[in-house]
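The primary structure of each chain is shown beneath.
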Amino acid sequence: MPRRPQPSRITVGEVEAVALPVAEYEQLLASRRQMGGQSARIRALSDRLRRTEQVLDDLEGLIAATGDEAAGLRRAVAELLRRHRGTSS
């Protein structure tokens, strides 16, 4: 297994720093940009998951409250899904 390259450590004034070749620094910046994009996608997925969990919780409540009234349940579920689809974009 190849060893990771170790950056050169330098001291500027009394501050320790790391010196990287330009190509490695640019690669580091590109990796940070990719991480930022992934973070945004994760936030969007998290929001969508929360909304989906809310729909499921609401459906569970409807089913428990409606009992055996199948027609009323179908209408309530259809309305709930229409309401949530309107907010899911």
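Look up a bit, the structure's there.
Trainee: What is the right way to look at the overall build of the protein in this model?
Mentor: The number of helices and strands found in the protein is two helices and two strands. Burial statistics for the protein: of 89 residues in total, 6% are counted as buried. Here the contacts in the protein between residues at least 6 apart in sequence split such that 27% fall between residues at least 24 apart.

Trainee: Can you help me understand a nonpolar patch on the surface in this one?
Mentor: Taken together, the side chains of Val18, Leu20, Tyr25 and Leu28 define a hydrophobic patch exposed on the protein surface, amounting to about 350 Å² of accessible area. The residue Leu20 is located in the loop between β2 (15–19) and α1 (22–66) in this model. Accessibility expressed as a relative area gives 35% for Leu20, which makes it partly exposed.

Trainee: Mind showing me how you'd approach the pattern of salt bridges here?
Mentor: Side chains carrying opposite charge are able to pair once their charged atoms draw close together. Within the structure shown, the criterion is met by two salt bridges. The shortest N-O distance in the salt bridge between Glu16 and Arg9 comes to 3.5 Å. One exposure class covers both Glu16 and Arg9, and it is exposed. Arg50 is the salt-bridge partner of Asp47, the closest N and O atoms lying 2.4 Å from each other. Here the residue Asp47 and the residue Arg50 both occupy positions in helix α1, the gap between them amounting to three residues, near one helical turn. What makes Arg50 partly exposed here is its relative accessible area of 48%.

Reading guide: rules and limits
- Residues numbered from 1 in each chain as written.
- Predicted model: local features only at pLDDT ≥ 70, side-chain atom pairs only at ≥ 80, totals over all residues.
- Heavy atoms only, no water.
- Helix = DSSP H or I, 4+ residues; strand = E, 2+ residues; numbered from the N terminus.
- Buried < 20%, exposed > 50% of the residue type's maximum accessible area, 1.4 Å probe, protein only.
- Contact = heavy atoms within 4.5 Å.
- Patch = residues over 30% accessible without salt bridge, like charges linked within 9 Å, V, L, I, M, F, W, Y side chains within 5 Å.
- Areas by Shrake-Rupley, 256 points an atom, 1.4 Å probe, with all protein chains shown as cover.
- Salt bridge = Lys/Arg side-chain N within 4 Å of Asp/Glu carboxyl O.

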